[in-house]
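# Chains, contacts and geometry: an overview
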Amino acid sequence: ACRTVAYATGPVAVYEWGPAVAPAVVLVHGWEHRASFWRAWVQPLVAAGYRVVALDGPAHGASGGKQATLVDYGGAVQAVVDTVGEVRAIVAHSFGGASVAGLPVRLAGAVPLPRLVLLSAPVGPRAVAGRFADFLSLSADFVEQFAQQVELATGRPVDSFAVAVTGPTMGAKKVLVLHDEEDEIIPFAEGQQIAAAWPGAVLHATRGLGHNRILRDAGVVQSAVAFIAD
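Residues numbered from 1 in each chain as written. Predicted model: local features only at pLDDT ≥ 70, side-chain atom pairs only at ≥ 80, totals over all residues. Heavy atoms only, no water.

The next subject is the overall build of the chain. Counting its regular elements, the chain contains eight helices and eight strands. Relative to its length of 230 residues, the chain is compact, with a C-alpha radius of gyration of 17 Å against a globular reference of 17 Å. Its C-alpha atoms give the chain principal-axis dimensions of roughly 50 × 40 × 30 Å. For the chain, with 230 residues in total, the buried portion stands at 53%. Long-range pairs, those at least 24 residues apart, make up 76% of the contacts in the chain between residues at least 6 apart in sequence. With an accessible surface of roughly 10100 Å², the chain has 58% of that area assigned to carbon and sulfur atoms. Of the charged side chains in the chain, 16 are positive and 19 negative; the average position of the first set lies 8 Å away from that of the second. (Helix = DSSP H or I, 4+ residues; strand = E, 2+ residues; numbered from the N terminus. Rg over C-alpha atoms; globule rule 2.2 N^0.38 Å. Buried < 20%, exposed > 50% of the residue type's maximum accessible area, 1.4 Å probe, protein only. Contact = heavy atoms within 4.5 Å. Areas by Shrake-Rupley, 256 points an atom, 1.4 Å probe, with all protein chains shown as cover. Lys, Arg positive; Asp, Glu negative; His and termini not counted. Charge placed at Lys NZ, Arg CZ, Asp CG, Glu CD.)

Pasting the structure below:
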């Protein structure tokens, strides 16, 4: 089934599989992806007794919007989560993970999120901006300018959006960090940092899957579904 949820950036496209009464697993894609990138996850989650809810982020897929900031992205996820009822888990990849944990997204009524799965997530916006600056050989003060822009736009210091800083405040009971040792986009060390900074988080390292193939790997899906059901 497909529906839309109203949000400031425009309608957010939401796709659902499985029984409407089952607890939901919300899937949040990364930059330049869309809900369909989760296709390997749908059947195993439905078979495990969950309702699967996936969305196209702002300015992605069938959702409205011209651009997607981390704040808009997290806000759109929050708007969807608010319509879902019981949520068993949020599974988020890359930029999606940064927005879910950096905002952070919370369940209604301060209910703790039972399970959170982060795949290939960056440790925070400052690190991402630094890599971008290196890649394009930008001036040394680019990252500071970026930090000032974020604070101006959001009223929050850039480091307050770091997964390792704000994530632990979202009240997730159990956290699984999945990261490939050979991730070519977000260094494996960032997955290690997130797991180290988040009390009780478990780091599951993979090898040879890189930044995106981790989403399609049957072994990864199986271990994540087992973690969600545990």
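If you look at the biggest cluster of nonpolar residues, it comprises 45 residues, and the most contacted ones within it are V28, I90, V100, L116 and W198. Here this core takes seven residues from helix 2 (residues 70-81), the largest share from any one element. Ignoring anything within four residues of it in the chain, the contact list for V100 reads V28, V77, I90, A92, V105, L116 and M170. One finds A35, V42, V91 and L215 within the second-largest nonpolar core, a separate group that totals 25 residues. (Core = buried A, V, L, I, M, F, W, Y, C linked by side-chain atoms within 4.5 Å.)

Time to look at the pairing of strand 6 (residues 113-119). Counting buried positions along strand 6 yields seven of seven residues, so the element is predominantly enclosed. Relative to strand 6, strand 5 (residues 87-93) runs parallel, the two sharing five bridges. Note on strand 6: the bridge partner recorded for I90 is L116. Handedness of the strand 5-helix 3 (residues 95-102)-strand 6 crossover: right-handed. As judged from the six bridges shared by strand 6 and strand 7 (residues 172-180), these two strands associate in the parallel manner. Across the sheet, the residue bridging to L118 is V177, located in strand 7. (Pairing = 2+ DSSP bridges. Right-handed = clockwise from strand over helix to strand, strands pointing away.)

A separate point is the layout of surface pockets. Each pocket or cavity is described by its volume, and for the largest pocket that value is around 1000 Å³. Along its surface, the largest pocket is lined by 31 residues, and W31, F95, V128, A129 and F146 are the ones closest to its centre. Of all the secondary structure elements, the ones that give two or more residues to the lining of the largest pocket are helix 2, helix 3, helix 4 (125-135) and helix 5 (142-154). Its residues assigned to classes, the lining of the largest pocket comprises 19 nonpolar, ten polar and two charged. The volume enclosed by the second largest pocket comes to roughly 150 Å³. Within the lining of the second largest pocket, the residues separate by chemical class into six nonpolar, one polar and two charged. (1 Å grid on protein atoms, 1.4 Å probe; cavity = no way out; pocket = protein on both sides within 12 Å on 5 of 7 lines; lining within 4 Å. Points joined across faces, edges and corners; volume = space filled by probe spheres on them. Nonpolar A, V, L, I, M, F, W, Y, C, P; charged D, E, K, R; others polar.)

It is worth spelling out unusual backbone geometry at this point. In this structure, the amide linkage connecting L103 to the following residue, P104, adopts the cis form with an omega of -10 degrees. The phi dihedral of E32 falls on the positive side, at around 65 degrees, and the residue is not glycine. Given a relative accessible area of 65%, E32 falls into the exposed group. For S120, which is not a glycine, the phi torsion comes out positive at approximately 50 degrees. Mapped onto the secondary structure, S120 falls in the loop between strand 6 and helix 4. The exposure class of S120 is buried, given its relative accessible area of 0%.

So, on to the packing of helix 2 against helix 3. The N-to-C vectors of helix 2 and helix 3 enclose an angle of 75 degrees; their axes lie 8 Å apart at closest approach. Judged by the angle between their axes, helix 2 and helix 3 are roughly perpendicular. Judged by residue contacts, L70, Y73, G74 and V77 of helix 2 engage F95, G96, A98, S99 and V100 from helix 3. When grouped by side-chain class, the residues that make up the contact of helix 2 with helix 3 number six nonpolar, three polar and no charged. (Axes fitted to C-alpha atoms, helices over the stretch in contact; angles between N-to-C directions. Parallel < 35°, antiparallel > 145°, perpendicular 65-115°, else oblique.)

The next subject is the pattern of salt bridges. Applying the stated criterion across every chain yields a total of five salt bridges. E182 is the partner of R207 in a salt bridge, and the nearest nitrogen-oxygen pair spans 3.4 Å. Remark: E182 occurs in the loop between strand 7 and helix 7 (188-197) and R207 occurs in the loop between strand 8 (202-206) and helix 8 (218-229); sequence separation between them is 25 residues. A relative accessible area of 63% means that R207 is categorised as exposed. (Salt bridge = Lys/Arg side-chain N within 4 Å of Asp/Glu carboxyl O.)

These results come straight from atomic positions and should not be treated as a statement about function.
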